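Residues per chain, in single letters:
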Amino acid sequence: MDSRLRILKDFLWFFAFLALVAGIFRLWFGLGPTTNLSDQMPWGLWKIMNMIAGVALSTSGFTIGFLVYVLKLKQFKPLVKPAVLIAFLGYGSSCLALLFDIGLPHRFWHPIVMWNEHSFLFEVFWCVMLYFTVTAIELSPTILKRIGAEKFSHWLHRIAFGVVIIGITLSSLHHSSLGSLFLVTPLRLHTLWYSSLLPLFFIISAIGAGMMFLIFVRISYARFYDPEPIFGLRLNSGIKRNGSDVFVGPQFKSLQILAILAASVLGLYFLLKIGDLINRDAIGLLFNGSWESWLFIFELFIAAVLPIILVAVPNTRRSPSGLSAAAFLASLGLVLNRVDVGIFGYFQDAAEPYFPSLAEWGLSIGVVAAAILAFLFISEKVPIFDESWKGRLRKTDSFTYSFDKFSHVWNTILMSGLQRVTLIAVIAFPLAWILFYPPYKSTNQSEEIIRPSIGLDQTRTVLLINGDRRGVKTEFPHLDHQKRLGGEQSCNKCHHIYMPHDHATPCYRCHTNMLQEADIFDHFKHMELVAEKENIRAIQPANHSCNYCHDPGGPKSINNVKACTECHSKDMNIEKGSYCGLQLATASSYLEAMHQTCQECHRQEEVRLCKENLGHCSTCHESLTPNVGDTIWVKKNKPIGDKISATR
Amino acid sequence: MHGILVDVTRCTGCERCVEACIKVNKLDYDQAGIDRVRAPDGLSANRLATIVKLEDGHFARKSCMHCLEPSCVSACLVGGITKTGQGPVVYDPDKCIGCRYCMLACPFHIPRYEWDSTHPYMVKCMMCFDRIKDGLLPACVEACPNQAMSFGSRDKLLKEAHARIAKYPRRYKRHVWGEEEFGGTSVMYISDVDLEELGWPHSAAPAIPELTEPLISKTPFIGLTVAAGILGINWIIGRRMKLAAEKEILGEDSKSEKLKGQQDGQQTKDS
């Protein structure tokens, strides 16, 4: 076997193994941790690139069927089987990727039973499902013949024409419907791409680029396996190419004709695109210098302009490499077009840009790699491209080995395929594990811990409370409050607990969590301190201190314990006991603590001093200004005072 | 057909409606608080309604608008979303396959997805459909301390909206958002500021199903036409090839009579 092919297959296996791990992670952890999809960008790489672009690249199955069976152009007959195989594997891999993309993969069969005939997605589902079956039927005679079920394959041959007709009809429906899917987003998709002609664009570009993709596959296959029908005898005979004297194989002629056909379809596509832009008065957007306009130009350039030029120039058209480059560009352009319509076109609308996660890339590429592996496997075992290439291979045998240093080592050490694949798996699995493992969810605890408020100056005249760490600070005139409430002696009006050996303990010391209650009682420390204080002598003194707090004999629970205030009445200021009760084990959330302490007092003062709006949020949070016509509500929704007479 | 009328001038942004919504729908309160700052507009799988801050200190409640011709209903491929006769657009989680097409289709960006779950569903406001059936108000309407929202029959609410605008012409903009946009919605807004922040279009927009319906209703005919066309082309070409073959045979005969002894395959093929 060609050593280049071996290396290629090794890489394909590597990516396929990566995809396996990515797929398992996706099923195990769910979509959120493994992908970068969000509510803003609900459709990502798997749907757009694997499904929509992958299906579009597999159009050759029906275009070649149309050329050969309907138009009866017999010269394309050798391309039918490759085209059908591309379609089968293209659709298969797309559906496989889609299975991982939908949220509930085990319900993939639902649209078969539950119908909504108003939905384009419903139509796409049915057409794709039926067409996948059609490609399987079209492909099966070849495979059945290889297995030896001649009778069945003969029977299938008889219904072949009907199957082809159904396949063409289904294809023309769902390739346009894939474009219609985006018709529902007139305000969200960028104006350059949104057009009521989207279905037409999708089917025309798919027809053109699908043929191009077939050309690319055919030439690449010839490069790796059987160069004679495409490249002629050039690779084997050692005759050097000179000038226009190009040797080409017998099948290359039909590929050229196909390329001209595809290029003219792409030309039609190009004209339609430009015409549509002019018709919608959106041509100006093309030159306004935004990144979308550049992307649009680039996409159209590699999807249509460059391939057409490459096909039109005789020199490139007549060389397999040139034609292969044109075909590759057109296929790439098609994928880019689908990605533009499905992903980039929505960036202007989404609040945050979307870049696929490593796991998404891994699965996306790996599924395609697996499809290529399957393609190579089938084309090696079953006569897909040519009946007689194995015979030729045995006869000439001259292009089989071309060594470079790396492949030489790689191939001599591990000769058997199974060994190599095992080694690749051993490399790929841990790597995939490292790359794709979803990040540990950081707990709220570490994120939401409250730090002391930022003072404007050293004397703490004004504190800036930035509770949720979002940068929006609320001013708290600390000195002002202190003066108004009675100077140094008034601290305990707000600071309701002093920690031992402390004065005016700040709020954040106990209310450590922004949104949740926090456990502030250090049990182990208390055990040790009590044992030390009571002079308990034992190997583990802390273990003998239970009875000092818990009732002896009873369960050691929070309900069966003496009040904290019994010990801490002296070294802790617990005058305002109403806030915290006798047990000081838990502290309420910071949000609640701050609001309750301030609001209660403010609401009382509002009534006492007849100061309008003092109890309203806007007193502290400037952004929450009350509106005209607002009624101010205090506790229990009793309205006080009149409506605000604010002027605006 | 019921609906909700939101008076933006009365909303103070206290988020009591959001709180009530979370309570009634039994959502995760703490997660909702975190989502509020993480999600761009505050809507998430744990917050079905949110308060959006508008220009100069105005606030407005944002959640599902319950369109009269909902895009999500036409988009859902299993028919999991339906527009009920009472007004709410209701989602059936038992049908959902998780394709998220509704999220793409919604012009207001309302549907949210339970991304962190391994068994995720779409989540959106259902106008407290169960409560409405029992004759109760939707939770948000009930919770609002300033009566910024009113619930009732859509026609009456429209009348009320126009009456309010007529009564205070300098206070409100002369527009009821939701009367005609996207074919009309069940949740409507009157306001003294622009509401583009909430997803309302700049100018009148058609109902989104109107964009797709004419095309999809023709799909079977398009399919049949294509199939008939293919068969027709095939028949014509087959017939012409047959005629050509017959002619060829005839021509070959006549030519072979004319040019005896001369055998040129190329020439006969060209004819």
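Residues numbered from 1 in each chain as written. Chains lettered and ligands numbered in written order. Predicted model: local features only at pLDDT ≥ 70, side-chain atom pairs only at ≥ 80, totals over all residues. Heavy atoms only, no water.

Observations regarding the overall build of chain B
Next up, step 1: When you go through chain B residue by residue, the secondary structure sums to 10 helices and 9 strands.
Next up, step 2: Over its C-alpha trace chain B gives a radius of gyration of 31 Å, far above what one expects of a compact globule, namely 18 Å for 271 residues.
Next up, step 3: Each principal axis of the C-alpha atoms in chain B carries an extent, and together these give about 110 × 45 × 35 Å.
Next up, step 4: Looking at chain B as a whole, 52% of its 271 residues are labelled buried.
Next up, step 5: The contacts of chain B with a sequence gap of at least 6 include a subset with a gap of at least 24, amounting to 57%.
Next up, step 6: Summed over its atoms, the accessible surface of chain B is roughly 13200 Å², and 54% of this surface lies on carbon and sulfur atoms. (Helix = DSSP H or I, 4+ residues; strand = E, 2+ residues; numbered from the N terminus. Rg over C-alpha atoms; globule rule 2.2 N^0.38 Å. Buried < 20%, exposed > 50% of the residue type's maximum accessible area, 1.4 Å probe, protein only. Contact = heavy atoms within 4.5 Å. Areas by Shrake-Rupley, 256 points an atom, 1.4 Å probe, with all protein chains shown as cover.)

Quick notes on the overall build of chain A
Next up, step 1: If you tally the helices and strands in chain A, you get 26 helices and 5 strands.
Next up, step 2: Looking at the 648 residues of chain A, the share that counts as buried comes to 48%.
Next up, step 3: Taking the intrachain contacts of chain A between residues at least 6 apart in sequence as the baseline, contacts between residues at least 24 apart amount to 68%.
Next up, step 4: A total accessible area of about 32700 Å² is found for chain A, and carbon and sulfur atoms account for 64% of it.

Topic: the pairing of strand 2 (residues 50–53) of chain B
Next up, step 1: In the sheet, strand 2 of chain B pairs with strand 3 (residues 59–62) of chain B via 4 bridges, with the strands oriented antiparallel. Bridged to K53 of chain B within strand 3 of chain B is F59 of chain B. (Pairing = 2+ DSSP bridges.)

Re the nonpolar core
Next up, step 1: Ranked by size, the top nonpolar core spans 197 residues in total, and within it F182 of chain A together with Y189 of chain B carry the most contacts.
Next up, step 2: If you tally residues by element for this core, the top one is helix 10 (residues 198–224) of chain A, at 15 residues.
Next up, step 3: Counting 9 residues, the second largest nonpolar core, distinct from the first, contains L158, A161, M188 and I190 of chain B. (Core = buried A, V, L, I, M, F, W, Y, C linked by side-chain atoms within 4.5 Å.)

Notes on the sheet that holds strand 8 (residues 149–153) of chain B
All names here are of chain B.
Next up, step 1: The 3 strands lie next to each other as 8-1-9, forming an open sheet whose pairing is mixed. The sheet is open, and its two edges are formed by strand 8 and strand 9 (187–190), each paired on a single side. Here the strands of the sheet are splayed against their neighbours by 25° on average, with no regard to which way each runs.
Next up, step 2: For strand 1 (residues 2–7) and strand 8, the ladder comprises 5 bridges, and the chain directions are antiparallel. The residue bridging G3 from the neighbouring strand is G152, located in strand 8. (Axes fitted to C-alpha atoms, helices over the stretch in contact; angles between N-to-C directions.)

Brief notes about helix 7 (residues 154–167) of chain B
All names here are of chain B.
Next up, step 1: For helix 7, which comprises 14 residues, the first-to-last C-alpha distance of 20 Å matches the rise-based estimate of 20 Å (1.5 Å per residue) to within 8%.
Next up, step 2: Among the residues of helix 7, R154, L157, L158, A161, R164 and I165 are the ones counted as buried. Taken down its axis, helix 7 places every buried residue within 125° of arc, on the same side. Residues D155, K156, K159, A166 and K167 are exposed on helix 7 and point more than 90 degrees away from its buried face.
Next up, step 3: Those residues of helix 7 that are buried lie in contact with strand 1, strand 8 and strand 9. (Expected span 1.5 Å × (residues − 1). Arc of directions from axis to C-beta.)

Let's talk about the environment of T34 of chain A
Residue and element names in this part refer to chain A.
Next up, step 1: You can see T34 is positioned in helix 2 (residues 31–34).
Next up, step 2: Remark: the alpha-carbon pair of T34 and A359, spanning 325 residues in sequence, is separated by 6.2 Å.
Next up, step 3: Setting aside residues no more than four positions away along its own chain, T34 makes contact with F25, R26, F29, S357, A359 and P438.

Observations regarding the packing of helix 3 (residues 45–57) of chain A against helix 10 of chain A
All names here are of chain A.
Next up, step 1: As a packed pair, helix 3 and helix 10 sit with axes 7 Å apart at the nearest point and diverge in direction by 65°. Across from I52, A56 and L57 in helix 3, the residues of helix 10 making contact are F202, A206, G210 and F213.
Next up, step 2: Within the contact of helix 3 with helix 10, the residues separate by chemical class into 6 nonpolar, 1 polar and no charged. (Nonpolar A, V, L, I, M, F, W, Y, C, P; charged D, E, K, R; others polar.)

As for the interface of chain A and chain B
Next up, step 1: With 75 residues of chain A at the contact, the number on the chain B side is 69 residues.
Next up, step 2: For the pairing of chain A and chain B, the buried interface totals around 6100 Å² over both sides, and the portion due to carbon and sulfur atoms is 60%.
Next up, step 3: Together, D39, V184 and R188 of chain A form the three largest contributors to the area buried by chain A at its contact with chain B, with a combined 11%.
Next up, step 4: Linking chain A with chain B are 1 salt bridge, by the criterion used here.
Next up, step 5: With its nearest N and O atoms 3.0 Å apart, the salt bridge here joins R100 of chain B to D101 of chain A.
Next up, step 6: In this assembly, chain A and chain B are joined by 26 residue pairs in polar contact (both at pLDDT 80 or more). (Buried area = accessible area lost by both parts, 1.4 Å probe. Salt bridge = Lys/Arg side-chain N within 4 Å of Asp/Glu carboxyl O. Polar contact = N/O pair within 3.5 Å; in protein donor to acceptor, adjacent residues only side chain to side chain.)

Quick word on the environment of T169 of chain A
Next up, step 1: On the secondary structure map, T169 of chain A appears in helix 9 (residues 160–180).
Next up, step 2: It is 31 Å that separates the C-alpha atoms of T169 of chain A and A222 of chain A, two residues lying 53 residues apart in sequence.
Next up, step 3: Every residue in contact with T169 of chain A, bar those within four places of it in the chain, is listed here: G223, V226, A227 and I230 of chain B.
Next up, step 4: Among the polar contacts made by the side chain of T169 of chain A, one reaches the main-chain carbonyl oxygen of I165 of chain A at a distance of 2.8 Å.

Considerations on the packing of aromatic side chains
Next up, step 1: In total, this model carries 31 aromatic pairs over all chains according to the counting rule given.
Next up, step 2: For the pair F344 of chain A and F347 of chain A, a centre-to-centre distance of 5.5 Å together with 80° between the ring planes defines the contact as edge-to-face.
Next up, step 3: For F344 of chain A, a relative accessible area of 26% corresponds to the partly exposed category.
Next up, step 4: F347 of chain A sits in the buried class, given a relative accessible area of 17%.
Next up, step 5: Put simply, the rings of W43, F182, F202 and Y346 of chain A together with Y101 of chain B touch in pairs and so form one group of aromatic residues. (Phe/Tyr/Trp six-rings, centres within 6.5 Å; stacked < 30°, edge-to-face > 60°.)

Describing the pattern of salt bridges
Next up, step 1: For the coordinates displayed, the defined rule picks out 14 salt bridges over all chains.
Next up, step 2: Among the salt bridges present, the one from R280 of chain A reaches D276 of chain A, with a minimum N-O distance of 3.0 Å.
Next up, step 3: Taken together, the shared-partner salt bridges in this structure form one network comprising D7, R10, E160 and R164 of chain B.

Quick look at helix 7 (residues 120–147) of chain A
All names here are of chain A.
Next up, step 1: For helix 7, which comprises 28 residues, the first-to-last C-alpha distance of 39 Å matches the rise-based estimate of 40 Å (1.5 Å per residue) to within 8%.
Next up, step 2: Remark: the principal bend of helix 7, roughly 40°, maps to S140, with a proline, P141, within the next four residues.
Next up, step 3: Following helix 7 by one or two positions, G148 adopts a phi angle in the positive range, close to 120°. (Bend = angle between axes of the 7 residues up to and from the residue.)

Observations regarding a negative patch on the surface
Next up, step 1: Side chains of D519, D522, E528 and E532 of chain A sit close together on the surface and give a patch of like negative charge.
Next up, step 2: Here E532 of chain A lies in helix 24 (residues 523–533). (Patch = residues over 30% accessible without salt bridge, like charges linked within 9 Å, V, L, I, M, F, W, Y side chains within 5 Å. Lys, Arg positive; Asp, Glu negative; His and termini not counted. Charge placed at Lys NZ, Arg CZ, Asp CG, Glu CD.)

Description of the confidence of the model for chain B
Residue and element names in this part refer to chain B.
Next up, step 1: Looking at chain B, pLDDT values average 86 and 92% of them are 70 or higher.
Next up, step 2: Contacts for the low-pLDDT stretch residues 263–271, under 50 throughout, to residues beyond four places or in other chains number 4 contacts.
Next up, step 3: The ipTM, which scores confidence in the relative placement of chains, is 0.88 for this predicted complex, and the corresponding pTM is 0.74. (pLDDT = per-residue confidence, 0-100.)

Overview of a nonpolar patch on the surface
Residues and elements named next belong to chain A.
Next up, step 1: Side chains of L96, L99, F108, W109, I112 and V113 sit close together on the surface and give an oily, nonpolar patch of about 530 Å² of accessible area.
Next up, step 2: For the nonpolar patch, the secondary structure elements donating two or more residues are helix 5 (80–101) and helix 6 (110–113).
Next up, step 3: Within the secondary structure, F108 sits in the loop between helix 5 and helix 6.
Next up, step 4: You can call F108 partly exposed: its relative accessible area is 44%.

Let's talk about the pairing of strand 9 of chain B
Residues and elements named next belong to chain B.
Next up, step 1: Residues V187 and Y189 line one face of strand 9 and the alternating positions M188 and I190 line the opposite face, and both faces are buried.
Next up, step 2: Pairing analysis gives 4 bridges linking strand 1 to strand 9, with the strands arranged parallel. Of the residues in strand 9, the one forming a bridge with I4 is V187.

Remarks on the environment of N50 of chain A
Residues and elements named next belong to chain A.
Next up, step 1: Position of N50 among the secondary structure elements: in helix 3.
Next up, step 2: On the basis of relative accessible area, N50 is assigned to the buried category, the value being 5%.
Next up, step 3: Apart from residues lying up to four places away in sequence, N50 is in contact with L45, V55, S94, A97, S364, V367 and V368.
Next up, step 4: One polar contact links N50 to S364, side chain to side chain, over a distance of 2.4 Å.

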